Amino acid sequence: MISTLAIILSFQLIGEVISRALTLPLPGPVVGLILLVLTCILRPSVAAHIRGTTLGLLQHLSLFFVPAGVGIVAHRDLLREDGVALMLALIGSTVLAIAVGAWVFAAVARWTGSTDPEAQKGPNDA
């Protein structure tokens with residue numbers, strides 16, 4: 001587990017250094033994640049090594065929302081004042097993100113010529 005966390009944090013650090021050094025418009029952790037994914041594609045042994053720990057982290061992903069909950073409690077006065085505007089911004093940006101995601105998915109499906117009905121099945125479909 002320690003070696004996997006070291007790998008993940010190393011890629012985050014490398015991404016942060018690259019992002020700041022090149023003044024990229026992407027956050028460092030995103031650059032690090034892209035590099036980690038590329039590494040896992042090019043070196044499947046890395047993916048196999050980190051798989052167990054990363055699956056464990058994903059199973060407990062809800063714990064990463066605890067700091068957000070603490071922030072909400074700590075800033076309840078701000079929420080009382082601007083809560084409606086914040087809620088409208090959250091709902092609007094969520095709907096927009098879903099719409100853009102669906103549009104991109106459809107565009108990529110058309111671009112690649114994907115007509116495979118198996119690709120549209122979910123994990124619980126027979």
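Sequence order as written defines the numbering, with residues in each chain counted from 1. With the structure being a predicted model, the display of local features is reserved for residues of pLDDT at least 70 and the display and counting of side-chain atom pairs for 80 or more, all residues being used for whole-chain, interface and lining totals. To obtain the side-chain values, all non-hydrogen atoms of the structure were included, while hydrogens and water were left out.

Caption draft 1: Structural detail: the domain arrangement of the protein chain. Segmentation of the chain into domains, including their bounds, is taken from an automatic or database domain assignment. The domains assigned to the protein chain are domain 1 (1-61) and domain 2 (75-116). Here domain 1 and domain 2 have C-alpha centroids that lie 25 Å from each other.

Caption draft 2: Broad picture of the UniProt feature "transmembrane region" (unreviewed entry) in the protein chain. Sites flagged by UniProt as "transmembrane region" (unreviewed entry) map to residues 29-48, 55-74 and 86-108. Only DSSP runs of H or I with at least four residues qualify as helices, and only runs of E with at least two residues qualify as strands; both kinds are numbered from the N terminus onward. Between the C-alpha atoms that bound residues 29-48 the distance is 21 Å, and the span itself is 95% helix and 0% strand. Annotated as residues 55-74, this span is 70% helix and 0% strand, and its ends, taken at the C-alpha atoms, are 31 Å apart. UniProt positions are given in the numbering used here, feature names are shortened, and annotations may be inferred rather than shown by experiment.

Caption draft 3: Structural detail: helix α3 (residues 44-59). Helix span is expected to be 1.5 Å times the residue number reduced by one. Its 16 residues place the ends of α3 22 Å apart at the C-alpha level, agreeing with the 22 Å of an ideal helix rising 1.5 Å per residue. What we call the bend at a residue is the angle made by axes fitted to the seven residues finishing there and the seven residues starting there. The axis of α3 is deflected most strongly, by about 50°, at R51. Buried within α3 we find V46, A47, I50 and T53. Contacts were defined at the residue level, with two residues in contact if any of their heavy atoms lie within 4.5 Å. Buried-residue contacts for α3 involve α1 (2-21) and α2 (28-42). When a residue's accessible area, from a 1.4 Å probe over protein chains only, is under 20% of the maximum for its type it is buried; when over 50% it is exposed; and in between it is partly exposed.

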